[in-house]
Amino acid sequence: MVVETLFPNGWLHYLIGGLLIGTGTVVIYLSTGITAGASTFLESTLSYVSDQSRFQQYRFRATRDWRVVFTLGIVLGGAIYGLTLGEFGWTTDVQWWRLLAGGVLVGIGTRVGKGCTSGHGVCGVGSLSETSLLNVATFVGIAIGTAQIVAALGVSP
Amino acid sequence: MSERDGRHPLFMPAILVGGVVFGFGLGLSEMYQPEVVLRFLQLTDFGLLLVMGGASVVAGTAFAVMSATGGSAPLTGKQFGKRVKSMDKNVVLGGGIFGVGWGVSGICPGAAYASLGVGNVTILYAIAGMFVGAYVQGYVRSSSSATQATEEPA
């Protein structure tokens, strides 16, 4: 009863999916020692096309090639899911301006805050890093408030 | 390490395999659907807690165990450690800006890449937005550090 209230669409796929996300992180960690996050790809990839000093730092240039490979792997993993267990070609109904505006803020926020849901939320929380726990508590709290306001304004989907 | 020289031949394959498993997990957990993330943020489906909790326990266990061994990674020689980022006011500021963006759109970087793989071309709006945001942030920081450099007394 409680389970159905909290997880009206089932719970097992969430848990197994989460364990696989963690497993992907561990594959990279055990072989390379790298605790990878998905958002640094944005800055490191911009180093290919922008000569701004921010993007030309060694830590972005030195990691930009494997970050491209990591991201292509994520895209490929999504495609394999879509073609096997999922629904390949599924598209979101969330309006384009929400995706674009939200994306800009996500791009700024993850870079200012040094990480995202994978870097801070998975690797940082797993490390019990105070920095990451504070960052995650902040973005989850603010996001819940924002989503409530957006819904209250009648924006849907 | 230079950009390509000296890397173990299995370095890139390991990164790729890790990325594929990571992306498949984002598919199975439905985090690639902004709708599912938004249902969590509207407090009608708490699945995201299982996803982030499950992922961080698996990752955190590996980090803790391997760090305790004091060993180093076979493909890089990098010593096993945990993810530690420095604490400053940007951690909260950035988290707040990210939170507004996540609440508006239901998307985050890794999930957006996986969503593209599932065939959700509409997510390109979000990915384009993320690059614009990261560029704006980098442009501002490049300018402000250049300003600081010129303003420093001789």
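Above: the structure in question.
For clarity, every value in this text was computed on a predicted model and none was experimentally measured.

*Asks:* Give me the packing of helix 8 (residues 130-152) of chain A against helix 4 (residues 89-105) of chain B: which residues, what numbers.
*Replies:* Taken N-terminus to C-terminus, the directions of helix 8 of chain A and helix 4 of chain B make an angle of 35 degrees; their axes are 7 Å apart at the nearest point. As for the relative orientation of helix 8 of chain A and helix 4 of chain B, their crossing is right-handed in sense. Across from Thr131, Leu134, Asn135, Thr138, Phe139, Val140, Ile142, Ala143, Thr146, Ala147 and Val150 of chain A in helix 8 of chain A, the residues of helix 4 of chain B making contact are Val91, Val92, Gly95, Gly96, Phe98, Gly99, Val100, Trp102, Gly103 and Val104 of chain B. In terms of residue class, the contact of helix 8 of chain A with helix 4 of chain B is built from 13 nonpolar, 8 polar and no charged.

*Asks:* Summarise helix 2 (residues 34-41) of chain B; cite the residues concerned and give the values.
*Replies:* Helix 2 of chain B sits mainly inside the fold: 7 of its 8 residues count as buried. For helix 2 of chain B, every residue scored as buried is listed here: Pro34, Glu35, Val36, Val37, Leu38, Phe40 and Leu41 of chain B. If you follow the buried residues of helix 2 of chain B, they end up packed against helix 2 (12-32), helix 6 (96-112) and helix 8 of chain A together with helix 3 (47-69) and helix 4 of chain B. Where helix 2 of chain B terminates, the next one or two residues include Leu43 of chain B, which has phi positive at roughly 60 degrees.

*Asks:* Just give me the short version of unusual backbone geometry, but keep the residues and values in it.
*Replies:* With an omega of -5 degrees, the peptide bond between Ser156 of chain A and Pro157 of chain A qualifies as cis. Along the chain, Pro157 of chain A falls in the segment after helix 8. Even without glycine at this site, Lys114 of chain A takes up a positive phi of about 70 degrees. Checked against the element boundaries, Lys114 of chain A lands in the loop between helix 6 and helix 7 (119-126). Judged by relative accessible area, Lys114 of chain A falls into the buried class, the value being 18%. Of note in this structure, Glu30 of chain B is not a glycine but carries a positive phi near 65 degrees. Note that Glu30 of chain B resides in the loop between helix 1 (11-28) and helix 2.

*Asks:* Can you lay out a nonpolar patch on the surface for me, pointing to particular residues and giving the numbers?
*Replies:* Taken together, the side chains of Val132, Tyr135, Val136, Tyr139 and Val140 of chain B present a nonpolar region at the surface, about 420 Å² in accessible area. Structurally, Tyr139 of chain B can be placed in helix 6 (residues 124-151).

*Asks:* Describe the side chain of Arg98 of chain A, naming the residues involved and giving the relevant values.
*Replies:* Mapped onto the elements, Arg98 of chain A comes out in helix 6. An unpaired buried charge is present at Arg98 of chain A: no salt bridge exists, and Glu35 of chain B, the closest side chain of opposite charge, is 8.4 Å distant. When neighbours within four sequence positions are excluded, Arg98 of chain A is seen to be in contact with Gly103, Val150, Val155, Ser156 and Pro157 of chain A together with Leu38, Gly103, Val104 and Ser105 of chain B.

Definitions and limits used
- Residues numbered from 1 in each chain as written.
- Chains lettered and ligands numbered in written order.
- Predicted model: local features only at pLDDT ≥ 70, side-chain atom pairs only at ≥ 80, totals over all residues.
- Heavy atoms only, no water.
- Axes fitted to C-alpha atoms, helices over the stretch in contact; angles between N-to-C directions.
- Helix = DSSP H or I, 4+ residues; strand = E, 2+ residues; numbered from the N terminus.
- Left-handed = near helix turned anticlockwise from the far one by under 90°.
- Contact = heavy atoms within 4.5 Å.
- Nonpolar A, V, L, I, M, F, W, Y, C, P; charged D, E, K, R; others polar.
- Buried < 20%, exposed > 50% of the residue type's maximum accessible area, 1.4 Å probe, protein only.
- Patch = residues over 30% accessible without salt bridge, like charges linked within 9 Å, V, L, I, M, F, W, Y side chains within 5 Å.
- Areas by Shrake-Rupley, 256 points an atom, 1.4 Å probe, with all protein chains shown as cover.
- Salt bridge = Lys/Arg side-chain N within 4 Å of Asp/Glu carboxyl O.
- Lys, Arg positive; Asp, Glu negative; His and termini not counted.

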